[in-house]
Amino acid sequence: MKINKLQLVNFRNYDRCTVNFDKMVTVFYGNNGQGKTNILESIFYSAFGFSHRTNKEDEMVKFSSDGMAVLLDFTKEDGFHSIRMKRYYDQGKNHKEIRIDGNKTTAKNHYSFLNAVMFSPEDLNIIKGDPGLRRRFMDMEISQTDPVYYELLVRYRRLLKQRNSLLKGIREDKHLQTQLAPWDDEISETGAQILIKRLSNINKLKEICIPVFNILSNQVDDMEIKYEMKGNNGKFFYPEEENVKDIKEFYLKSLNERRFKDIMQGNTGIGIHRDDLKTYINHLDSRSFASQGQQRCCALALKLSQIEYVKQASGEYPVLLLDDVMSELDKYRRNQLIHFINDKVQTIITVNDKTLIPDFGSNCYFNVEQGSIKED
Ligand code: ATP
Ligand code: MG
C-alpha cells in the first residue's frame with residue numbers, strides 16, 4: 001500500500017494543508033509541539049477510524065472550529081482508492097462520516113481498508129506495561145486482516161459490558177440471577193472463538209518475530225512468546241493451538257464456579273479480556289527481568305513482525321508510521337530497522353532533528369512549523 005496524498009481541514013493545529021508523498025520514505029521534522037504527530041494521527045485515524053492517542057475524537061477538531069476532515073488518496077494492488085473522514089456539528093449534535101472511494105460506509109467496513117502500523121515511543125513500553133497494551137497489540141494485529149475477529153471482539157465487549165451491569169444489578173436484586181445463564185453461555189462461546197484465533201495468530205507471530213528479534217539482538221539473546229491465561233485458582237497456564245479443546249466448557253465452568261465472587265465485584269474475572277501475551281528473554285519473563293534495551297528490542301521485534309504478518313495475511317505491506325522512535329534506538333537497531341523497511345514498506349517518519357537519522361535522499365523531507373508544512 002502506498003499513500004499518495006494527504007489533505008487536512010481543521011485537523012488539530014492545521015487549517016488546511018496538502019502533502020504529496022512521492023517517495024517510499026517521508027520525513028516530517030521540526031521542533032516540539034509543531035504538528036508532526038498530528039499528521040501521523042490523521043493517517044492512523046483514516047486507517048482505523050479512531051485516534052492512537054485519545055478516545056475523545058472531538059479533540060482532533062481544531063480549536064474554535066466545529067468540524068474537521070481528513071482525505072487520503074492511496075494505492076492498493078487493485079488500484080487507486082480514497083478515504084475521507086469527516087466530523088461536523090449540526091443541529092446540536094456531532095456527526096461522523098466515513099467515505100471510501102466517495103461512498104458512505106460503516107466503521108466495520110472501513111476498519112483496515114487501508115493497513116497501517118504505528119510505532120511510537122509509548123510502544124516501547126509494550127513489554128513492561130500492563131497486559132491491556134499487549135492484548136491491544138494482538139487485537140489490532142488480528143483485526144487488521146480478519147474481519148470476523150473484529151466482529152467477535154465488538155460482540156465480546158458488548159456482552160462483557162452487559163454481563164457486568166447485570167452482575168451489579170444482582171447485588172441489588174438477587175432474583176435477577178436467573179438471567180445470568182444466557183449471558184454466560186454467549187460470552188463463553190464468543191470468548192472461545194476469540195481465543196482460538198488468538199492462539200493461531202501467536203503461532204504465526206512467533207515464526208516471524210523470533211528471527212527478527214535474533215537479528216535485532218545480534219544473536220546474543222533468546223526470545224520466546226507464550227499466551228497466558230489465569231485460572232480461578234490463581235494459577236497461570238499456557239494453552240497451545242494444537243491442544244485446545246472444549247474451551248467453551250472451560251469458560252462456562254469457570255464462570256459458574258466464580259459466580260458469587262463476580263457478583264460481589266460486579267465484574268467478570270475470567271476470560272479473554274484478562275489474558276496476556278508473555279515474552280521471555282533467555283527464559284526469564286521480559287516484563288520483570290529484561291533490561292530496558294532488551295525490552296526495546298523485544299518491542300521493536302513485535303512491531304516489525306506486525307508488518308510482515310499483515311503482508312503474509314493480506315498480500316500487501318501496510319504503511320509504517322514511525323513517531324519519534326528513530327532517535328530512541330541505538331545506531332545498530334536503527335540501521336536494522338532501515339534495512340528491514342528497505343524500500344518495500346512505505347514509511348512515514350517524524351523526528352525533531354533530521355540530522356539524527358540517515359539521509360533518505362531528495363523529495364522526502366518536510367519541515368513542520370506551527371501547523372504548516374514545507375518541503376525542503
Ligand atoms: P513533539 O516533537 O513534541 O512530539 P509534535 O510536532 O509531534 O511535537 P503534535 O503533537 O503533532 O506535536 O502537535 C501538538 C500541537 O498541536 C500543540 O501545539 C497543540 O497545542 C496543538 N493542538 C493539539 N490539538 C489541537 C486542536 N484540537 N486544535 C488546535 N491545536 C491543537
Ligand atoms: Mg510528536
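Look up: the structure comes first, before these words.
A brief structural summary.

The rules we used
Residues numbered from 1 in each chain as written. Chains lettered and ligands numbered in written order. Predicted model: local features only at pLDDT ≥ 70, side-chain atom pairs only at ≥ 80, totals over all residues. Heavy atoms only, no water. Near = heavy atom within 4 Å. Polar contact = N/O pair within 3.5 Å; in protein donor to acceptor, adjacent residues only side chain to side chain. Nonpolar A, V, L, I, M, F, W, Y, C, P; charged D, E, K, R; others polar. 1 Å grid on protein atoms, 1.4 Å probe; cavity = no way out; pocket = protein on both sides within 12 Å on 5 of 7 lines; lining within 4 Å. Points joined across faces, edges and corners; volume = space filled by probe spheres on them. Helix = DSSP H or I, 4+ residues; strand = E, 2+ residues; numbered from the N terminus. Disulfide = S-S within 2.5 Å. Pairing = 2+ DSSP bridges. Contact = heavy atoms within 4.5 Å. Axes fitted to C-alpha atoms, helices over the stretch in contact; angles between N-to-C directions. Salt bridge = Lys/Arg side-chain N within 4 Å of Asp/Glu carboxyl O. Buried < 20%, exposed > 50% of the residue type's maximum accessible area, 1.4 Å probe, protein only.

Residues in contact with ligand 1 amount to 16 residues; listed here are only the nearest, Gly33, Lys36, Thr37, Asn38 and Val61. The backbone of Asn38 places a nitrogen or oxygen atom 2.8 Å from an oxygen atom of ligand 1. Between ligand 1 and the protein, one listed contact pairs a nitrogen atom with a backbone N or O atom of Glu59 at 2.9 Å. Within the shell around ligand 1, the residues separate by chemical class into two nonpolar, nine polar and five charged.

Moving on, we get to empty space enclosed by the protein. The method is simple in principle: a probe with the dimensions of a water molecule rolls over the atoms, and the space it marks as empty is what remains. Going through the model one piece at a time under the given rule, you end up with two cavities of 30 Å³ or more. Size it by volume and the largest cavity reaches roughly 50 Å³. Contributing to the lining of the largest cavity are Tyr156, Ile187, Ser188, Gly191, Tyr251, Leu255, Thr268, Ile270, Gly271 and Ile272. Elements with a minimum of two residues in the lining of the largest cavity: helix H5 (180-216) and helix H6 (247-257). Reported here for the second largest cavity is a volume of approximately 40 Å³. Ile127, Arg134, Asp276, Leu277, Lys278, Thr279, Asp285, Ser286 and Arg287 together form the lining of the second largest cavity.

The next point concerns the state of the cysteines. Enumeration according to the criterion identifies zero disulfides in this entry. Looking at the unpaired Cys298, the closest cysteine sulfur is the one in Cys209, lying at 6.7 Å.

Taken in spatial order, the six strands line up as E2-E1-E4-E5-E6-E7 in an open sheet, and their pairing is antiparallel. Each end of this open sheet is capped by a strand with a single partner; those strands are strand E2 (16-20) and strand E7 (103-104). As paired elements, strand E6 (residues 93-100) and E7 share two bridges and run antiparallel to each other. Residue Ile100 lies in a different strand from E7, and its bridge partner there is Asn103. Running at roughly 70° to strand E4 (residues 67-76), helix H1 (residues 36-48) makes contact with strand E1 (2-9), E4, strand E5 (79-90) and E6 of the sheet.

Close approach of charged atoms allows side chains with opposite charge to pair. For the coordinates displayed, the defined rule picks out 26 salt bridges. Here Glu41 ties to Arg53 by a salt bridge, and the two come within 3.4 Å at their closest N and O atoms. With Glu41 in helix H1 and Arg53 in the loop between H1 and E4, this pair connects stretches of sequence that are 12 residues apart. When its relative accessible area of 0% is taken as the criterion, Glu41 is described as buried. Between Glu57 and Arg87 there is a salt bridge; the shortest N-O distance is 2.7 Å. With Glu57 in the loop between H1 and E4 and Arg87 in strand E5, this pair connects stretches of sequence that are 30 residues apart. For Glu57, a relative accessible area of 16% corresponds to the buried category. With a relative accessible area of 11%, Arg87 lands in the buried category.

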